[in-house]
Amino acid sequence: MPSQMLTIEADRLDAGAARVRLAGELDFDTAPELVEAVAQLRLDGYQEVELDFAGVVLCDSSGLSALVVIHRSGTGAVRLRNTNTQIRHLLDRTGLAELLAAPPRSVTGSAREVG
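Since the structure is predicted, the reported quantities are computational estimates derived from the model, not experimental observations. The numbers attached to residues start from 1 for each chain and follow its sequence in the written order. The predicted origin of the model limits local features to residues at a pLDDT of at least 70 and limits the giving and counting of side-chain atom pairs to 80 or more, whereas totals for whole chains, interfaces and linings rest on all residues. In computing side-chain values, all of the structure's heavy atoms are included and hydrogens and water are not.

### Regarding the sheet that holds strand 3 (residues 48–59)
So, step 1. Read across the sheet, four strands follow the order 1-2-3-4 without closing on themselves; strand pairing throughout is mixed. Strands at the two margins of the open sheet, each flanked by one partner only, are strand 1 (7–12) and strand 4 (78–81). The average undirected angle you get between the axes of adjacent strands in this sheet is 20°.
So, step 2. Only strands joined by at least two bridges in the DSSP assignment are considered to pair. Per the convention used, a helix needs a DSSP run of H or I reaching at least four residues, while a strand needs a run of E reaching at least two, with both numbered from the N terminus. Of the pairings in the sheet, the one linking strand 3 to strand 4 comprises four bridges and is parallel in character. For Val-49, the partnering residue across the bridge sits in strand 4 and is Val-78.
So, step 3. By definition in these notes, contact holds between two residues if any of their heavy atoms fall within 4.5 Å. Simply put, an axis is a line fit to the C-alpha atoms, just over the touching stretch for a helix, and the angle between two N-to-C directions goes from 0 to 180 degrees. The strands that helix 2 (residues 61–72) touches are strand 2 (17–26), strand 3 and strand 4; relative to strand 3, the one it contacts most, it runs at about 180°.
So, step 4. Strands in contact with helix 3 (residues 85–94) are strand 3 and strand 4; relative to strand 3, the strand with the most contacts, it is inclined by about 120°.

Here is the structure:
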């Protein structure tokens, strides 16, 4: 079954930062599109990149690899926002959550933050 198309929309926030909104599947077929889109933003002077995963329904190892490539190829921060539970778990298990400055999981149930 072919992958669902990945939609990539970039919003230029200010002189050095951009938000990239993603929707669809970030996988073997679509990951190069994301790498290319972010590379173009960086060529245009946007070094800090926020990746909004609100519309991402699947991220496989190729998608994770694309995130590492994006992180390594720039000088500014890469931040992930609106990751779903499955993707957040994947990022936590691979150590990419810390590398990519993904926001912390919300505290639920009777657990509470201490410190």
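Okay, back to it.
### Considerations on the nonpolar core
So, step 1. Counting 27 residues, the largest nonpolar core has Leu-34, Leu-51, Phe-53, Leu-67 and Leu-91 as its most contacted members.
So, step 2. Those elements giving two or more residues to this core turn out to be strand 2, helix 1 (31–43), strand 3, helix 2, strand 4, helix 3 and helix 4 (96–99). For this analysis, a nonpolar core means a set of buried residues of the types Ala, Val, Leu, Ile, Met, Phe, Trp, Tyr and Cys, connected via side-chain atoms within 4.5 Å. Using a 1.4 Å probe on the protein chains alone, a residue whose accessible area is under 20% of its type maximum counts as buried, one over 50% counts as exposed, and one in between counts as partly exposed.

### Looking at helix 3
So, step 1. Within the span of helix 3, buried status applies to Ile-87, Arg-88 and Leu-91. Here the buried residues of helix 3 occupy an arc of 100° about the axis, which is enough to place them on one side. Across helix 3 from its buried face, at more than 90 degrees, point the exposed residues Thr-85, Gln-86 and Arg-93.
So, step 2. Of the surrounding secondary structure, the elements contacted by the buried residues of helix 3 are strand 3, helix 2, strand 4 and helix 4.
So, step 3. A distance of 3.1 Å separates the backbone nitrogen of Gln-86 from a side-chain oxygen at the start of helix 3, and that oxygen is part of Asn-84.
So, step 4. With its phi angle positive at about 85°, Gly-95 sits one or two positions after the end of helix 3. Throughout, the arc means the angular range of directions from the helix axis out to the C-beta atoms. A 3.5 Å cut-off defines polar contacts: any pair of N or O atoms within that distance qualifies, except that in protein one atom must be a possible hydrogen donor and the other a possible acceptor, and neighbouring residues in sequence count only when both atoms are side-chain atoms.

### Section: helix 1
So, step 1. To estimate how far a helix should extend, the number of its residues minus one is multiplied by 1.5 Å. With 13 residues, helix 1 should reach 18 Å at 1.5 Å per residue; the first-to-last C-alpha distance of 19 Å fits that figure.
So, step 2. Taken residue by residue, helix 1 has Ala-31, Leu-34, Val-38, Leu-41 and Arg-42 as its buried positions. When helix 1 is viewed along its axis, its buried side chains cluster within an angular range of 100° and face the same direction. Exposed side of helix 1, more than 90 degrees from the buried face: Glu-36 and Leu-43 are the residues found there.
So, step 3. Check the buried side of helix 1 and you find it contacts strand 1, strand 2, strand 3, helix 2 and strand 4.

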